[in-house]
Amino acid sequence: MTKQRHLKPVYAHTRGARWRRRGWWLLVLLLIVGLGWGGGQWLHYQREAVVKGFNVRGVAVTQNDGYLDFAALQSDGLKFVYLKATQGASYTDDDFSSNYQRIVGTNLGVGVTHVFSFSSSAAAQAAYFEKTVNDNIGNLPIAIQVQYYGNYTAKTVNVKKAQAKLRALVLKLTEHYGRECVIWSNTAVEKQLVKPAIKKSPLWLDTTSTHHRSSRVLFMHYSDRAVYRQNGTSQEFSGVVFNGSASDFQSLIDQSLNATN
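Remember, it's a predicted structure, so these values are computed and weren't measured experimentally.

S.K.: Where do I start with unusual backbone geometry in this structure?
M.R.: Glycine aside, negative phi is the norm for most residues, and most peptide bonds take the trans geometry. Unusually for a residue other than glycine, Asn134 sits at a positive phi of about 60°. Topologically, Asn134 is positioned in the loop between helix H4 (122-133) and strand S5 (142-145). Judged by relative accessible area, which is 48%, Asn134 ranks as partly exposed. The phi angle at Asn231 is positive, at roughly 55°, despite the residue not being glycine. Here Asn231 shows up in the loop between strand S8 (217-230) and strand S9 (233-242).

Written out as structure tokens, the structure reads:
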């Protein structure tokens, strides 16, 4: 007589397989969540490490940042703001004038930025800046941002011509305003165009390697995702740190104002 075997119904195997699949998917989901959380913590640590020790922090703004409550930004820890003013010999930031009028009612350090053009002469750029900005240059060095754009790249730009034009622009603005200029660029532009042409003006670098920089590096743009609160909401800005102490920063303001006067 054959021994009777007790067989489990087919649905029992199906149900078991289903639960095993669910268990694997749950494990995968937990791993993804864990990696995401760990990655977020690592990024947060990295961002904090970049600005650690720099207590004078600011932002660089343009019309793309919209309406800004500068008093609220100051309350959230900002110490200075650079306002984009002009670019080349024909472009003005739409919000420069209104931003400047509102920011002077705060205790923030204020600077203005001109974006250098490879196609316009130094004389034309200086004249346009002076006409547009007038005497509204704040209390910090005038920033000249130099960056490649369009067809102007490290390989195509006429280096000697660009260096001469940049040097002439710095001299014109310095003489007109009696105010020092700071040259804003990334390390590649700095090496190719800025340092060979500008021997003494302070520098402003695009870099996350913020520590142990020379005293000539005045500012560092470390992120486009620096978060500050204004109008009750958080907003991302181009974050900038000053390479020095609070007393050094005040000395910079005093020096800028005394030079103008």
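Once the structure has been displayed, the description carries forward.
S.K.: Can you walk me through helix H5 (residues 159-177) in this structure?
M.R.: Structural remark: α-helix, 3.6 residues per turn; residues separated by three or four positions point the same way. Its 19 residues place the ends of H5 27 Å apart at the C-alpha level, agreeing with the 27 Å of an ideal helix rising 1.5 Å per residue. Those residues of H5 that sit buried are Ala162, Gln163, Lys165, Leu166, Leu169, Val170, Leu173 and Tyr177. Seen end-on, H5 carries its buried residues on one side only, within an arc spanning 165°. Of the residues in H5, the exposed ones pointing more than 90 degrees away from the buried face are Lys160, Lys161 and Glu175. Looking at the buried positions of H5, the neighbouring elements they touch are strand S4 (109-115), H4, S5, strand S6 (181-186), helix H6 (187-197) and helix H7 (246-260). Following H5 by one or two positions, Gly178 has its phi on the positive side, about 65°.

S.K.: Is there a simple way to explain the packing of aromatic side chains in this structure?
M.R.: Aromatic ring pairs are defined here through the distance separating the ring centres and the angle between the ring planes. Scanning the model with the defined rule gives 16 aromatic pairs in all. Ring centres 5.3 Å apart and planes at 85° place the aromatic pair Phe116 and Phe118 in the edge-to-face group. Of the residues examined, Phe116 reaches a relative accessible area of 1% and is grouped as buried. Judged by relative accessible area, Phe118 falls into the buried class, the value being 8%. Arranged with centres 5.9 Å apart and planes meeting at 90°, the rings of Phe129 and Tyr177 form a pair that is edge-to-face. Residue Phe129 is found in helix H4, and its partner Tyr177 is found in helix H5; the two are separated by 48 residues along the sequence. Side by side, Phe129 and Tyr177 carry an identical accessibility label, which is buried. Of the aromatic side chains, those joined through ring pairs into one cluster are Phe80, Tyr82, Trp184, Trp204, Phe219, Phe242 and Phe249.

S.K.: Help me out: how do you make sense of the side chain of Ser256 in this one?
M.R.: Mapped onto the elements, Ser256 comes out in helix H7. Setting aside residues no more than four positions away along its own chain, Ser256 makes contact with Asn139, Leu140, Pro141 and Arg179.

S.K.: Whenever I open this one, the layout of surface pockets confuses me. Can you help?
M.R.: Rolled over the atoms, a probe sized like a water molecule indicates the empty space that remains. Estimated volume of the second largest pocket: approximately 210 Å³. What lines the second largest pocket is a set of 16 residues, among which Ala60, Thr62, Gln145, Trp184 and Ser238 lie closest to the centre. Going through the elements one at a time, strand S1 (57-61), strand S2 (80-87), S4 and S9 are the ones with two or more residues in the lining of the second largest pocket. Considering only residue class, the lining of the second largest pocket consists of seven nonpolar, six polar and three charged.

S.K.: I keep staring at H6 and nothing clicks. Help me out?
M.R.: Within H6, burial applies to Val189, Glu190, Leu193, Val194 and Ala197. The arc that holds the buried residues of H6, viewed along the axis, is 125°, so those residues lie on one side. Buried positions along H6 lie against H5, S6 and strand S7 (203-206). Where H6 begins, one side-chain oxygen reaches toward the backbone nitrogen of Ala188, 3.1 Å away; that side chain belongs to Asn186.

S.K.: Even after reading the chapter, I still don't get the packing of H4 against H5, so can you show me in this structure?
M.R.: Helix-helix packing: each pair is described by the crossing angle between the helix axes and the interaxial distance. Axis separation between H4 and H5 bottoms out at 8 Å; the angle between their running directions is 35°. As H4 runs across H5, the sense of the crossing is right-handed. Mapping the contact onto sequence places Ala122, Ala123, Gln125, Ala126, Phe129, Glu130 and Val133 in H4 and Lys165, Ala168, Leu169, Lys172, Leu173, His176 and Tyr177 in H5. Split into classes, the residues belonging to the contact of H4 with H5 amount to nine nonpolar, two polar and three charged.

S.K.: Help me out: how do you make sense of the environment of Asn231 in this one?
M.R.: Classification of Asn231 by relative accessible area gives partly exposed; the value is 45%. Along the backbone, Asn231 and Asp69 are 162 residues apart, and their C-alpha atoms lie at a distance of 6.5 Å. Once residues within four sequence positions are removed from consideration, Asn231 is found in contact with Tyr67, Asp69 and Ala72. There is a polar contact of 3.1 Å between the side chain of Asn231 and the side chain of Gln230.

Rules used throughout
Counting starts from 1 at the beginning of each chain's written sequence and moves along it residue by residue. In view of the model being predicted, local features appear only for residues whose pLDDT reaches at least 70, and side-chain atom pairs are presented and counted only at 80 or more, with totals across whole chains, interfaces and linings using the full set of residues. Side-chain calculation: all heavy atoms of the structure are included, whereas hydrogens and water are not. In DSSP terms, a helix is any run of H or I states spanning at least four residues, a strand is any run of E spanning at least two, and both are numbered starting from the N terminus. Each residue is assigned to one of three classes by its accessible area relative to the maximum for its type, calculated with a 1.4 Å probe on protein chains only: buried under 20%, partly exposed between the two thresholds, exposed over 50%. Working rule for helices: expected span equals 1.5 Å times residues minus one. It is the directions from the helix axis to the C-beta atoms that the arc portrays. We call two residues in contact when some of their heavy atoms are within 4.5 Å. Stacked, edge-to-face and tilted labels apply to pairs of Phe, Tyr and Trp rings (six-membered ring for Trp) whose centres lie within 6.5 Å, assigned for plane angles under 30 degrees, over 60, and everything in between, in that order. Grid points spaced at 1 Å over the protein atoms alone were grouped into cavities, where a 1.4 Å probe fits but cannot get out, and pockets, open sets with protein on both sides within 12 Å along at least five of seven lines, with lining residues defined by an atom within 4 Å of a point. Grid points are joined across faces, edges and corners, and a volume is the space filled by probe spheres set on the points. Classification convention: Asp, Glu, Lys, Arg as charged; Ala, Val, Leu, Ile, Met, Phe, Trp, Tyr, Cys, Pro as nonpolar; all other residues, Gly among them, as polar. Throughout this description, a polar contact denotes any pair of N or O atoms lying within 3.5 Å of each other; where both atoms belong to protein, one of them has to be capable of donating a hydrogen while the other can accept it, and for residues adjacent in sequence the pair is counted only when both atoms sit in side chains. To obtain an axis, a line is fitted to C-alpha atoms, over the contacting stretch when the element is a helix, and the angle between two such axes runs from 0 to 180 degrees between their N-to-C directions. The hand of a helix crossing depends on one turn: near helix anticlockwise from the far one by less than a right angle means left-handed, and clockwise means right-handed.

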